[in-house]
Every structure is written in structure tokens, then in C-alpha cells.
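What follows is the residue order along each chain.
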Amino acid sequence: MKIKVYGKAHLEGTSKRTGKPYNFNQVHYLSPARGVDGLAAQTMMLDPALYPLGSIVVNGEYNVEFDNRGYPIEFSPMK
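Worth saying up front: this structure is predicted, and the values here are computed from it rather than measured.

### Some details on the packing of aromatic side chains
Here the structure, examined in full by the defined rule, presents three aromatic pairs. Taken together, a centroid distance of 6.1 Å and an interplanar angle of 45 degrees make the contact between Tyr22 and Phe24 tilted. By relative accessible area, which is 34% here, Tyr22 ends up partly exposed. Relative to Phe75, the ring of Tyr51 lies with its centre 5.6 Å away and its plane at 80 degrees, an arrangement referred to as edge-to-face. Of the two residues, Tyr51 is situated in the loop between strand E3 (40–46) and strand E4 (61–66) and Phe75 in strand E5 (residues 72–77); the sequence distance between them amounts to 24 residues. Residue classification places Tyr51 among the buried residues on the basis of a relative accessible area of 19%. Chaining the aromatic ring pairs together yields one cluster made of Tyr51, Tyr62 and Phe75.

### A few points about the confidence of the model for the protein
For the protein, mean pLDDT is 96; residues scoring 70 or higher make up 100% of the total. Taken element by element, the predicted model of the protein shows its lowest mean pLDDT in E5 (96) and its highest in strand E1 (residues 2–14) (98).

### As for the pairing of E4
Pairing of E1 with E4, which is carried by three bridges, proceeds in the antiparallel orientation. What sits directly across from Lys4, in E4, is Glu61.

### Here we look at the nonpolar core
Counting residues in each nonpolar core, the largest one holds 11 residues, listed as Ile3, Val5, Val27, Tyr29, Met44, Leu46, Tyr51, Ile56, Tyr62, Val64 and Phe75. Among the secondary structure elements, those contributing two or more residues to this core are E1, strand E2 (21–31), E3 and E4. Here Val5 is in contact with Val27, His28, Ile56, Val57, Val58, Asn59, Gly60, Tyr62 and Phe75, once residues within four sequence places are set aside.

### Focus on unusual backbone geometry
Apart from glycine, the bulk of residues carry a negative phi angle, and the bulk of peptide bonds sit in the trans form. Unusually for a residue other than glycine, Asn59 sits at a positive phi of about 75 degrees. Relative to the helices and strands, Asn59 is located in the loop between E3 and E4.

### Looking at the sheet that holds E5
Spatially, the five strands line up as an open sheet ordered E3-E2-E1-E4-E5, and their pairing is antiparallel. Both edges of this open sheet fall to E3 and E5, since each of them pairs with a single strand only. The sheet shows a mean angle of 35 degrees between the axes of neighbouring strands, taken without regard to direction.

About the thresholds
- Residues numbered from 1 in each chain as written.
- Predicted model: local features only at pLDDT ≥ 70, side-chain atom pairs only at ≥ 80, totals over all residues.
- Heavy atoms only, no water.
- Phe/Tyr/Trp six-rings, centres within 6.5 Å; stacked < 30°, edge-to-face > 60°.
- Buried < 20%, exposed > 50% of the residue type's maximum accessible area, 1.4 Å probe, protein only.
- Helix = DSSP H or I, 4+ residues; strand = E, 2+ residues; numbered from the N terminus.
- pLDDT = per-residue confidence, 0-100.
- Pairing = 2+ DSSP bridges.
- Core = buried A, V, L, I, M, F, W, Y, C linked by side-chain atoms within 4.5 Å.
- Contact = heavy atoms within 4.5 Å.
- Axes fitted to C-alpha atoms, helices over the stretch in contact; angles between N-to-C directions.

And the structure:
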């Protein structure tokens, strides 16, 4: 699926609920969604070791593929 990145953020810390650490990059994009007329604002979590925040370009277009559980398995710039 082709997406355009409209925003990005790095989130790191410790969960107040579970006490476990978290560290991920968040990407914001628009895509179709069930029950939405037009496009819905979506967020995707990416592993910062595989997809450093500095390598993600805002307003860039990317190819994204998800596994059967909805986790991204492909996130690469469109050529």
C-alpha cells in the first residue's frame, strides 16, 4: 500500500500501567478506513533500530505492507 507521511515522532519511556520500557517511532498518515467517508488519520509504530527517525521523510511517499495481525513488515521509500 502506498502512503504519504504527514508527521513523525519518537516516543521512549516507561509505561505507567505496566512499568515496562517502550521505544518506537510513530508515523502519521491518511488511509481509507471502514465506516469513514474519505480518509482517516492513522498512526503506525516502527522499530527505531530498523527505521531511524532521521531517515523518515515528512511528505515522503512510502510502500507499506502489513502482516495478518496488522503489524508493518515493509516500510520503504517509493522510487
